[in-house]
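# Remarks on the overall topology
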Amino acid sequence: MNFSNKNLLFFFPESPFSKRAGNVLRTYTNLKQLKSLGLNIDLVGVEDYYNSFGDSPEDIDSTIIDAVFVLKTKPTKKKLTFEYWKYKFLKKIEKKSPNQYLTTYLKDNFGAILDKKKYDYIFINYEFWTDLIRNQDLRGAKTIVDTHDWITLNEFYNNQNLDLGKRFGDEIKNLSFYDKVVTISQDEYFIFNSFLGDKVINIPPSFPENFGNENSEKKYDLIFVGSDNPFNIASVNWFTEKVLPFLPKEIKICIIGRICKHVPNHESIEKVFFADDLESYYHASKIAICPMLKGTGIKIKVVEALSFGLSVVGTEKAVDGFLDKKNNGCMVSDDEKVFADIIKNLLNNSSDYEKQKQEATEFFKNNFSEEKSIKLWKKTLNF
């Protein structure tokens, strides 16, 4: 099917061009691959998100995005206007949404975009934004949702008192609204496919093959890339407090991203708060680590490391969402001493190290290639 001149309206609350975290990087990659199919893509975001992260709608890639709309969640505070009092009244009487940003004002502004242009596809990221389109006139557009995660379980990690039955029921209800449901891991695919059937399709995260530079100087023994979300904070704390004491003092560790704000100063650790291009850091590293203790879904940072042919040492959570939990270039343990022993063995045993690198390369090629991903996007859009 030819997708040229087909119009897609793509909703993601924050800027997909910041690449500040795994979910954002995945969204950017999806946009790039969808554009390669010939689609005209309009992007919709939420002003509160853009402001909180210091993003600008001007910082988009115009080769990917045709038009960008960053919508307000509430009208400007001009108390003499009818619009101000209208939405103030509606806020008092309408049922409160768990998503505080999903306001009537936002939905009306989204509807105004739909009124002005006919779209062939409407793409929503995260099921908890479904009410953005539930009662809108979609004018025949096919709807797609990217789950990103099993949201019920993710929320449970942050709130042990969560009503699991109700929340999971809401999640399935929201997902059932769409024509296609995209998951990124096999674990989520099996769950949602059991309830929703063939409308669910699994599209794992993908990256270009970054193999090569095998002989480049390895400045770092270990590399960890992460945003400062609670799961990454807990992970890096566990690693620095529990694992690092078992590692030799001369080990060199590079930690990149906003997670650095939560990393203690240590003679073995070099902190890089922002890197516009991670390629040189990955090529300069021997092993990637992923000491995640909580969180659901596939770990984008693990797939990215595999794309450089790096072996990964992680906890059991590092291989969440992988179809093959063993032969995947990752060695895992939740025991801090065993975690450290794995690292030391890979650094000191060249044959084991090379075997793991080869395994990482093959697993990436077979599961996370861009070519495979683009074929799956074609299948998703071909209604």
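Described in the following lines is the structure provided in the data block. (Residues numbered from 1 in each chain as written. Predicted model: local features only at pLDDT ≥ 70, side-chain atom pairs only at ≥ 80, totals over all residues. Heavy atoms only, no water.)

### Digging into the packing of helix H10 (residues 300-307) against helix H12 (residues 350-367)
Put simply, H10 and H12 touch, their axes get as near as 8 Å, and they point 110° apart. Judged by the inter-axis angle, H10 sits roughly perpendicular to H12. The handedness of the crossing between H10 and H12 is left-handed. For the pair formed by H10 and H12, the contact residues are Val 303, Leu 306 and Ser 307 on the first element and Ala 360, Phe 363 and Phe 364 on the second. Grouping the amino acids of the contact of H10 with H12 by side-chain chemistry returns five nonpolar, one polar and no charged. (Axes fitted to C-alpha atoms, helices over the stretch in contact; angles between N-to-C directions. Helix = DSSP H or I, 4+ residues; strand = E, 2+ residues; numbered from the N terminus. Parallel < 35°, antiparallel > 145°, perpendicular 65-115°, else oblique. Left-handed = near helix turned anticlockwise from the far one by under 90°. Contact = heavy atoms within 4.5 Å. Nonpolar A, V, L, I, M, F, W, Y, C, P; charged D, E, K, R; others polar.)

### Focus: the side chain of Thr 103
For Thr 103, the position within the fold is in the loop between helix H3 (82-93) and helix H4 (104-116). Polar contacts involving the side chain of Thr 103 include one to the main-chain amide nitrogen of Leu 106, which spans 3.1 Å. (Polar contact = N/O pair within 3.5 Å; in protein donor to acceptor, adjacent residues only side chain to side chain.)

### Side note on unusual backbone geometry
Unlike most non-glycine residues, Tyr 126 shows phi in positive territory, near 80°. Mapped onto the fold, Tyr 126 is located in the loop between strand E4 (121-125) and strand E5 (142-146).

### Here we look at the sheet that holds strand E8 (residues 220-225)
Here six strands make up an open sheet; going across it, the order is E10-E9-E8-E11-E12-E13 and the pairing parallel. Sheet topology places strand E10 (269-272) and strand E13 (330-332) at the edges, where each strand pairs with a single neighbour. The sheet shows a mean angle of 25° between the axes of neighbouring strands, direction not considered. Of the strand pairs in this sheet, strand E11 (residues 285-290) and strand E12 (residues 311-314) are connected by four bridges, and their pairing is parallel. Considered in E12, the bridge of Ile 289 is made with Val 313. (Pairing = 2+ DSSP bridges.)

### A few points about the side chain of Glu 171
As for its placement among the helices and strands, Glu 171 is situated in helix H6 (residues 164-176). Aside from chain neighbours lying at most four places away, what touches Glu 171 is Glu 127, Asp 149, Trp 150, Ile 151, Thr 152 and Phe 192.

### Describing the pairing of E4
In terms of burial, E4 is a largely internal element, five of the five residues being buried. Because side chains alternate across E4, one face comprises the buried residues Tyr 121, Phe 123 and Asn 125, and the other comprises Ile 122 and Ile 124, equally buried. Of the strand pairs in this sheet, strand E1 (residues 7-11) and E4 are connected by four bridges, and their pairing is parallel. Each bridged residue has a counterpart across the sheet, and for Leu 8 the counterpart in E4 is Tyr 121. Sheet topology places E4 next to E5; five bridges connect them, and they run parallel. Residue pairing for E5: Tyr 121 is matched across the bridge by Lys 142. (Buried < 20%, exposed > 50% of the residue type's maximum accessible area, 1.4 Å probe, protein only.)

### Re H6
With 13 residues, H6 should cover 18 Å at 1.5 Å per step; its first-to-last C-alpha distance of 18 Å lies within 8% of that length. Buried residues of H6: Arg 167, Phe 168, Glu 171, Ile 172, Asn 174 and Leu 175, and no others. Viewed along the axis of H6, the buried residues span an arc of 160°, placing them on a single side of the element. Opposite the buried face of H6, by more than 90 degrees, sit the exposed residues Gly 165, Lys 166 and Lys 173. On its buried face, H6 sits against E5, helix H5 (151-158), strand E6 (180-183) and helix H7 (186-196). (Expected span 1.5 Å × (residues − 1). Arc of directions from axis to C-beta.)

### Considerations on helix H11 (residues 336-348)
Between its terminal C-alpha atoms H11 stretches 18 Å, which fits the 18 Å expected from 13 residues at 1.5 Å a residue. Of the surrounding secondary structure, the elements contacted by the buried residues of H11 are E8, helix H8 (230-243), E11, E12, E13 and H12. Its side-chain oxygen at 3.0 Å from the backbone nitrogen of Lys 337, Asp 335 defines the N-terminal cap of H11.

### Points about the pairing of E12
The two faces of the sheet receive side chains in turn, since in a regular strand these alternate between them. Burial of E12 is two-sided: the residues Ser 311 and Val 313 facing one way and the residues Val 312 and Gly 314 facing the other way are all buried. Of the crossover connections in this fold, the one passing from E11 over H10 to the parallel E12 is right-handed. (Right-handed = clockwise from strand over helix to strand, strands pointing away.)

### Concerning the sheet that holds strand E7 (residues 200-202)
Taking strand neighbours across the sheet as the criterion, the seven strands line up as E3-E2-E1-E4-E5-E6-E7 in an open arrangement whose pairing is parallel. Where the open sheet ends on each side, the last strands, each with one partner, are strand E3 (67-71) and E7. Across the sheet, the mean angle separating the axes of adjacent strands is 20° when strand polarity is ignored.

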